[in-house]
Amino acid sequence: MDVQGTVAEGFEAVRDAFVRNFEERGERGAAVAVYRHGVKVADLWAGTRDVDGEEPWAVDTAQVVRSVTKGVAAAVVLLLHQRGQIDLDAPVGTYWPEFKAAGKERVLVRHLLSHRAGLPVLDRPLTPAEAIDARSGPAALAAQRPAWEPGTDHGYHAQTYSWLVAELIRRVTGRTVGRWVAEEIARPLGLDFWIGLPAEEAHRVGRIGPVEEPPTAPGLTLRPKRAVSAAYLDPDSLTRRAFGAIDPLPDENDPGYRAAELPASGGISTARALARFYAATIGDVDGGRRLFAPATLTLARTEESAGPDRVLIVPTRYGLGFMLHGAAAPLLGPGSFGHPGRGGSLGLADPESGVALGYVTNGLRKGVTADPRAQALIRAVRSAL
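About the criteria used
Residues numbered from 1 in each chain as written. Predicted model: local features only at pLDDT ≥ 70, side-chain atom pairs only at ≥ 80, totals over all residues. Heavy atoms only, no water. Helix = DSSP H or I, 4+ residues; strand = E, 2+ residues; numbered from the N terminus. Contact = heavy atoms within 4.5 Å. Salt bridge = Lys/Arg side-chain N within 4 Å of Asp/Glu carboxyl O. Buried < 20%, exposed > 50% of the residue type's maximum accessible area, 1.4 Å probe, protein only. Axes fitted to C-alpha atoms, helices over the stretch in contact; angles between N-to-C directions. Parallel < 35°, antiparallel > 145°, perpendicular 65-115°, else oblique. Left-handed = near helix turned anticlockwise from the far one by under 90°. Nonpolar A, V, L, I, M, F, W, Y, C, P; charged D, E, K, R; others polar. Expected span 1.5 Å × (residues − 1). Core = buried A, V, L, I, M, F, W, Y, C linked by side-chain atoms within 4.5 Å. Pairing = 2+ DSSP bridges.

## Here we look at the environment of Gln 4
Item 1. By secondary structure assignment, the location of Gln 4 is in strand β1 (residues 4–7).
Item 2. Considering only alpha carbons, one finds Gln 4 and Leu 385, 381 residues apart in sequence, at a separation of 23 Å.
Item 3. Those residues in contact with Gln 4 that lie beyond four places of it in its chain are Asp 43, Leu 44 and Trp 45.

## Points about the pattern of salt bridges
Item 1. Counted by the stated rule, this structure contains 26 salt bridges.
Item 2. A salt bridge links Asp 153 to Arg 310, with the nearest nitrogen and oxygen atoms 2.8 Å apart. With a gap of 157 residues between them, Asp 153 in the loop between α5 (136–143) and α6 (161–173) and Arg 310 in the loop between β8 (305–308) and β9 (315–318) connect regions that are remote in the sequence.
Item 3. Assessed through its relative accessible area of 36%, Arg 310 is described here as partly exposed.
Item 4. What you see here is one network of salt bridges that share partners, running through Arg 83, Arg 175, Arg 179, Glu 183 and Glu 184.

## Notes on the packing of helix α1 (residues 12–24) against helix α13 (residues 372–384)
Item 1. Two elements in contact, α1 and α13, have axes separated by 8 Å at closest approach and are oriented at 165 degrees. Here α1 is positioned roughly antiparallel relative to α13, judged by the angle of their axes. Taken as a pair, α1 and α13 cross one another with a handedness that is right-handed. Here α1 contributes Ala 13, Val 14, Ala 17, Phe 18 and Asn 21 to the contact with α13, which in turn contributes Arg 373, Ala 376, Leu 377, Ala 380, Val 381 and Ser 383.
Item 2. Looking at side-chain class alone, the contact of α1 with α13 contains eight nonpolar, two polar and one charged residues.

## Notes on helix α11 (residues 271–282)
Counting along an α-helix, one turn takes 3.6 residues, and residues three or four places apart therefore face a common direction.
Item 1. A rise of 1.5 Å per residue sets the reference length of α11, with its twelve residues, at 16 Å; its end C-alpha atoms lie 17 Å apart and thus fit the reference within 8%.
Item 2. The buried fraction of α11 is high, at twelve of twelve residues.
Item 3. Of all the positions in α11, only Ala 271, Arg 272, Ala 273, Leu 274, Ala 275, Arg 276, Phe 277, Tyr 278, Ala 279, Ala 280, Thr 281 and Ile 282 are classed as buried.

## Here we look at the nonpolar core
Item 1. The biggest cluster of nonpolar side chains holds 77 residues, and the ones touching the most others in it are Val 77, Ile 86, Leu 113, Ile 185, Phe 292, Phe 322 and Phe 337.
Item 2. The element contributing the most residues to this core is helix α2 (residues 68–82), with ten residues.
Item 3. Not counting residues up to four positions away in its chain, the partners in contact with Ile 86 are Val 77, Leu 80, His 81, Tyr 95, Val 109, Leu 168 and Val 172.

## Quick word on the sheet that holds strand β4 (residues 63–64)
Item 1. Taken in spatial order, the three strands make up an open sheet running β4-β7-β5, and their pairing is antiparallel. Each of the sheet's edge strands pairs with one partner strand only, and the pair in question is β4 and β5 (193–194).
Item 2. Across two bridges, β4 lies against strand β7 (residues 268–269) in antiparallel orientation. Note that in β7 the partner of Val 64 across the bridge is Ile 268.

Shown next as structure tokens:
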């Protein structure tokens, strides 16, 4: 495997694990980047730009990272809180009056970020065209009755997170989530990250697609619990309906989808940008701007939800918009926070070690929170500390 890029002395294990992902775990094209104490210590890429192609992955190749996007979108809300523009304990209806309908008067802003709003499903799924028009999603959620009493339990808002968070940000700032991220996060930090891909950057983005786990890969067969499998098969389950809130499923390689501003699933990024973003949440980056004040960092990784997830079925832990380290989503350590993307990609930060990691792949596996390739990279980073 012809791996491009560099690793700092002491982090050679990251390169070794990255190579083994191609040799043993069926990787097609991927990149990984790691920062420690604001300095980049690994920046690697290899394979093909497209999951089904032959063109090599380039130094600036980006991919759709699915739910990794949720962490960056959550940072927008937390930064607005840090600036005094959003009260996390205010009802969402304070900023979005139409949202108060159908028993949602007491849904708080923090409930949206911690998956406690009771709104992971829609009575009528949106079409792909409705999902990206920036109007139908918010309107549907404003009229939707919660699936449980808001604030009393949690369940992963796989798709509805897009319209809930995007509309809240628009109501508070007058800007779309993609524009806010571009102007306040990506541009100041020099990130190749977009929620809403500009046409002039389209040539850099590879094609994603499903890949099967190699049957002979040692120690990598992940068999979901029977209850999880049953939930995905049951068309009436919250699990199936949450992931099916857009029906039929959109073509994530379609230019129109990539240009849409879907902060639950539509972000496009390089691994380098994800690592640099997370590095900036926990400290200065290359002498540059830090995103989170200490109090905001505490909010990001303080547990808001824990236990059996009504959508994912397995026990999950959430802070305000970020997944936290746990059995279902192992991160670098107990104090880590971040967000995986269904199929493989991952971004995380670990304040205790000063580490931030970004991993991007074009080959999508069936898992939601603990991809074996990402986990191998995490173990390699841990061994280097």
